[in-house]
Each structure stands twice: as C-alpha cells, then as structure tokens.
Amino acid sequence: MKQSTFLRHPKFLLIWIIPLLILPTIFFIEGMIGKGAFVILIMGAYWVTDVIPHAITSLIPLVLFPFFGILSTEDTCHAYINDTLMIFMASLMAAIAVENSNLHNRISIKVLLLFGTSPKWLLLGFMMNTMFLSMWISNTATTALMLPIVDAVLVQLRHKARTNSDSSVRRVSIISSLDINPPEIRRRSRSGSAIVIEEDPEVDAKAFKTLRKALFLGICYAANIGGIGTLTGTGPNLVLYGVLNENMQGIPNQITFASWMLFNVPVMLLLGFLAWLFISIFYIQRALDSNEDNDKSRDRQITTLMRKKNQMMGRTTFQQWTVLILFVSLIISWFFRNPNFLRGWSPMMVDRNKGDFIKDATPAFLVVILFFMIPSKPYDMSSTSALLDWPIVQEKFPWNVFILVGGGFALAKGTQASGVSDWFSSQLMSMSSFPPIVLMLILCTIALVLTEISSNTATAMVLLPSIRDMAIGLGQSPVFYTLPTTLCCSFAFLLPIGSATNALVFEAGEMKILDMFIPGLVMKSLCLLILALMMNSWGYVVFGFHPVPSLKNSSIIIGT
C-alpha cells in the first residue's frame, strides 16, 4: 500500500502530535497554572523541534492566553510592544546603518592591520574584532562578515607541506566583495550556504586544517561572547532588562546601559582572552612549527593582502564618518543617560521627582531619525540618498527576532498572571538551603544546557521571570541570580543548532560534531567559573552585593 503523503512528512505530524501529548497538562494541573504550563510547554516544544518558524511560535500567546482567560487580548498585545522592544528596534536600525555604510568592513581591516601576522596574533586580532562588532550588530551578521576575511588570510597561511600532485582534495573558501580577484572556480551550493569549493591538486596538510578549525572556532566563540558586552548586544540581555522592569515589588532595576557595560565588558574581555589562550595552546601551537612562525615571506604576503583590501576601500567617506559619529553619540547618550555613579543628562532635563522619565528608547530613536534626515553625499544633493533608506531597513531588518523577543515578554507576562512563575519560583526556593553561590551555579548550569537545544532568547524567556521571583522571595538581589543566568544563555558552544553563529562556522569549516562539542565543553566550564568569580568580586563594586546578595543588608546600587 502506498504510504500517505501526510505520513511521509513528519514535520507536519509533529505540529499536531505535540499539542495532543501536552494536552493532559490542563487536566492534571487544575486552574490557571495548568493552562499556563500548557502554553509554555507547547511553545518550548515548537521552539526546540523548529516545526514552525520561531517568530510564528512567538505569536501563540496572542491566541491561547485570551482563550484560556489568562490575559486579555489587549494586555497580551501590549507585551509585544514596550520600551525595551523599541530600544531593540532602534539598535537594529543603527546596526543596519553601520552595515549599509560599509563602516564595519573598514573597522575590521584597520584592526587586523594593527596586529602582527603570526597566526596567534592574527587569531587575537580576529577575535577582538569579532567581539567588538558583536557588541553592536548581531552575532550572525558579525560572523558572516568575518569568515570571508579569515578565509582570505588562510590562503596565505597554507602549510607548505604538499603530497603527490596527482591527489585532489577540496579547498573551501568563502567569496565575498572583500576578495581580491576571485578565481574562476567551480561553485557548489552546500545547504544554501555561501561556500565555494575549489578543486585543488595539492592536499591541505593536517596542520593547516587544524589551524583553519582554530580560527573558525575563535570567530564562533568571540561572536557569542561579544554579544554580552552591551545591553542591546543580544536578545537575552533585553529580556532580562524587561523582566527587571516589571513586578519587582518596589525594588529598583539595577540594570542600566552603564551598569551593564561596567560589569560585562570586563567579563567579555576576560572570557575572550581565555578563549584565545585555549585555542592558541591546544590548536595553533600544534598546527604550526617554529619554522612557519618565522616565515617572513608568508607574513609579508598577509600584510600585503590586508593593505590591498584597505586601499580598495578608498578614503573614509562622509557617510561613514557621519554614521560613526552618530553611533558613538548614541552609545555615549545611553551610558550617561542616568548612570548610578553620577547624575546623568536625563534627570537634568526632567525633574528627578518624575522618576525615570526619559529612557533609552528616546535617544536611540533620535539618532535613528537623524539617519533618515542627513544626506549621505551633501555635495550632490540632487541624486544622493539619506544615510539610511527605508527600503534597506525593510530588506535587512530581522523582524523574526523582533517578534521572538516580543513573544518572550508576552510569555513572561502570561506565566506571571497564570501563577506558573510563582509555582516554579517556589520550587526553586526549596533549594534555599544551598549557599547563594551554589544556587547561582545550578541555575547557570540549567541555562547552559537548555540554550544548546533552544534559542538563547527563548531560554531566557522561560527561566528569568521565575528566577526573579525566587530571588525576591528569598530577600536577595534578583540581579545576583538573573544576570549570570542571562549571560549563560549566550554561551551556546557545543552544537551547531545552539545558535546561528555556530551553524555558520560549522558549515563553513566543514566540521564534525566532536570538533565543536569537545572544545565547547571546555569553554562552557571556563565561562561558568569566571562568572562565579566575577559575580562575587566585581559584582560587589558595580551592584553592591557580596557574597550573600541580601536586599536587607546591602545597598541596591553602590552610591545610593
């Protein structure tokens, strides 16, 4: 008998099987908690299995919460658009302006020219560059930008050892606008990626393949770590900011753009240095011998390549200078809007008695509006366009991520209203006998595991509201538990499905699962250790808790 077409497509079977399997939750757990748990479980299952797009899954609360009587349609809709989402939208538009002006390419080449041509220092240059860009533009976009540059340099770093010329293997390169005179080669599409395969009569040595893997892993780690550097760097950061703005029972939100950077930039730099050290010792050191490290001819070739790329870009344009000035102005305005260590410009403009009247979305959209008002070529007003055009925004703006984050806020609001958050936090409070540092490590470990099988933003959405409520119930600072948990959501280093960054590197590097899994375990362990140390040392300076973050015995924010 011929199998049904419907049965031959398990994706569509899963779409309907998942709700049927989760449906008993409503009947076994009475009241709103069972209904809220049903929504959480069905969204989590859809996110993990990816049977429908993540953005569409994020719209489920708009249907189920009103049907179940958890939240009204109006209240659910309000959760999808709030000041945190508007900050996210503005930061994404600013990042698009940077990409549109090609400023990020110019910065990349300039930074690489500052570092030497030794493979170890090149790796450091690539990683520092990637981390910096990832603080401001998406991790995925940063990785996609850096891979072609890395691949062009790898051509110059090829191992000199050759085998029989009759042998033939494939050499992978990624061709982009940065490449100089791309060769005429046979192209092959691999799973839709921008990978180009060259038929090379010379066999890449094992050492060169190890070096290539090392550089690609360095880009992967740097992109994921760099996202924690700023409040707008990645989705989980904004989820935390939104969670700490609601249902805090009178406790002020300790997270501002300034306090976030004061704590997380040192963490980011420390983790980036350890990642570089780890890759240098266990990969590059094994890949290169002393003769290659002293290969002056190869070093001159790499330097020449970078300089030629720099020359091809020409002089810095008016558009690039203006975008850079506006972008830096935005960062400064965020940092000094209302920092806790001095009086910011926001309370100076509006009476402090009105509270936090001007928030980060206001200066963000001021800069975005200026992007659309200033011409890119003021000396040719008749034919020029603005620094940023709306068609470009429509083409490049990641609406799926925007909806995903909005769905997270709706889910958090619904779990609070249904009582699921209180129930889960009460379960977490059963571990209150553990020392705070041990409890924090348990929560971080849960996040490190979940983020490998679900998106980092989705993981933060599910965990953070309950952890916040648990901390308040214990009389301790929510930041002590929620901040490291949030950062751990970005540390998806083990699997290609952990993040889009991982998938890009896995695909471009033609890696095996173990190539990413084993070093990823080391990196996760290092991240967990550093977070524990920093929260119990530098966290005291920035947030005012140490080592037991009690709200009763310590100031909420240092200086208050």
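Residues numbered from 1 in each chain as written. Predicted model: local features only at pLDDT ≥ 70, side-chain atom pairs only at ≥ 80, totals over all residues. Heavy atoms only, no water.

> Lay out unusual backbone geometry in plain terms, naming residues and giving numbers.
Within the chain, N102 stands out as a residue other than glycine whose phi angle is a positive 65 degrees. Relative to the helices and strands, N102 is located in the loop between helix 7 (83-100) and helix 8 (103-114). (Helix = DSSP H or I, 4+ residues; strand = E, 2+ residues; numbered from the N terminus.)

> Before we move on, could you go through the environment of L23 and cite the residues and values that matter?
For L23, the position within the fold is in the loop between helix 1 (10-22) and helix 2 (24-28). Looking at L23, the relative accessible area reads 34%, which means it is partly exposed. Between the C-alpha atoms of L23 and I42, which are 19 residues apart in sequence, the distance is 9.1 Å. (Buried < 20%, exposed > 50% of the residue type's maximum accessible area, 1.4 Å probe, protein only.)

> Got a sec to walk through empty space enclosed by the protein? Specific residues and values, please.
This structure, assessed with the given rule, holds 3 cavities of 30 Å³ or more. Space inside the largest cavity adds up to approximately 50 Å³. Residue lining of the largest cavity: S91, A94, W136, T232, F327, L330, I331 and W334, and that is the complete set. Those elements that provide at least two residues to the lining of the largest cavity are helix 7 and helix 16 (318-335). When residues in the lining of the largest cavity are grouped by element, the largest group, 4 residues, is from helix 16. Along the lines of polarity and charge, the residues of the lining of the largest cavity split into 6 nonpolar, 2 polar and no charged. (1 Å grid on protein atoms, 1.4 Å probe; cavity = no way out; pocket = protein on both sides within 12 Å on 5 of 7 lines; lining within 4 Å. Points joined across faces, edges and corners; volume = space filled by probe spheres on them. Nonpolar A, V, L, I, M, F, W, Y, C, P; charged D, E, K, R; others polar.)

> Just give me the short version of the layout of surface pockets, but keep the residues and values in it.
Within this model, the largest pocket holds a volume of roughly 1100 Å³. The wall of the largest pocket is formed by 45 residues, among which T140, V401, L404, N456 and A500 lie closest to the centre. Of all the secondary structure elements, the ones that give two or more residues to the lining of the largest pocket are helix 3 (31-49), helix 4 (54-57), helix 7, helix 10 (139-156), helix 20 (399-418), helix 23 (456-473) and helix 25 (500-508). Ranked by residues supplied to the lining of the largest pocket, first place goes to helix 7 with 6 residues. Across the lining of the largest pocket, the residue classes tally to 21 nonpolar, 21 polar and 3 charged.

> Break down the packing of aromatic side chains for me, citing the residues and quoting the values.
Overall, the coordinates contain 15 aromatic pairs when judged by the stated rule. Geometrically, the ring pair formed by F132 and W136 is edge-to-face, given 6.4 Å between the ring centres and 70 degrees between the ring planes. Considering the side-chain rings of F263 and F543, the 5.7 Å spacing of their centres and the 55 degrees angle between planes classify their relative orientation as tilted. Separated by 280 residues along the polypeptide, F263 in helix 13 (residues 257-287) and F543 in helix 27 (residues 538-543) bring together distant segments of the chain. What makes F263 buried here is its relative accessible area of 0%. An aromatic cluster is built from W121, F273 and W276, whose rings are joined through pairwise contacts. (Phe/Tyr/Trp six-rings, centres within 6.5 Å; stacked < 30°, edge-to-face > 60°.)

> Go over helix 6 (residues 73-80), please, and point to the residues and values.
Residues of helix 6 that are buried include every one of T76, A79 and Y80, and no others. End-on, the buried residues of helix 6 take up no more than an arc of 105 degrees, which puts them together on one face. As for helix 6, its buried residues are in contact with helix 5 (60-67), helix 7 and helix 20. (Arc of directions from axis to C-beta. Contact = heavy atoms within 4.5 Å.)

> Lay out the side chain of S466 in plain terms, naming residues and giving numbers.
Within the secondary structure layout, S466 lies in helix 23. Here S466 falls in the buried class, since its relative accessible area comes to 5%.

> Explain helix 26 (residues 513-535) to me, using residue names and the numbers behind them.
The end-to-end C-alpha distance of helix 26 is 32 Å, a good match for the 33 Å that 23 residues give at a rise of 1.5 Å each. At G520, helix 26 is deflected by roughly 25 degrees, the largest bend along its length. (Expected span 1.5 Å × (residues − 1). Bend = angle between axes of the 7 residues up to and from the residue.)

> Quick one: what's the story with the packing of helix 20 against helix 21 (residues 420-429), residue by residue and with numbers?
Viewed as axis vectors pointing N to C, helix 20 and helix 21 meet at an angle of 80 degrees, and their least axial separation amounts to 4 Å. The pairing of helix 20 with helix 21 is recorded here as roughly perpendicular in orientation. Counted together, T415, Q416 and S418 of helix 20 and V420, S421 and D422 of helix 21 form the full contact between these two elements. (Axes fitted to C-alpha atoms, helices over the stretch in contact; angles between N-to-C directions. Parallel < 35°, antiparallel > 145°, perpendicular 65-115°, else oblique.)

> Any details on the nonpolar core? Residues and values, ideally.
By size, the foremost hydrophobic cluster in this structure holds 150 residues, and its most contacted members are Y221, I225, F263, F371, Y481, L483 and F491. For this core, the element with the highest residue contribution is helix 13, accounting for 15 residues. (Core = buried A, V, L, I, M, F, W, Y, C linked by side-chain atoms within 4.5 Å.)

> Would you mind going over the environment of K309 in detail, with residue names and values included?
Mapped onto the fold, K309 is located in helix 15 (residues 296-312). In the structure, K309 is positioned 199 residues away from K110 in sequence and 9.9 Å away in space, judged by C-alpha atoms.

> Explain the packing of helix 6 against helix 20 to me, and be specific about the residues and the numbers.
Close contact between helix 6 and helix 20 brings their axes to 7 Å; oriented N to C, the two are set at 135 degrees. One way to sum up the angle between helix 6 and helix 20 is to call them oblique. At the point where helix 6 passes helix 20, the crossing takes the right-handed sense. Here D75, T76, A79 and Y80 of helix 6 lie close against helix 20, whose contacting residues are I403, G406, G407, F409, A410 and K413. The residue inventory of the contact of helix 6 with helix 20, partitioned by class, reads 5 nonpolar, 3 polar and 2 charged. (Left-handed = near helix turned anticlockwise from the far one by under 90°.)

> Hey, could you go over the side chain of S333 for me, with residue numbers and the actual values?
Within the fold, S333 resides in helix 16. Accessibility expressed as a relative area gives 15% for S333, which makes it buried. Of note is the side chain of S333, whose polar atom sits 2.7 Å from the backbone oxygen of L330. (Polar contact = N/O pair within 3.5 Å; in protein donor to acceptor, adjacent residues only side chain to side chain.)

What is shown is where atoms sit, not what they do.
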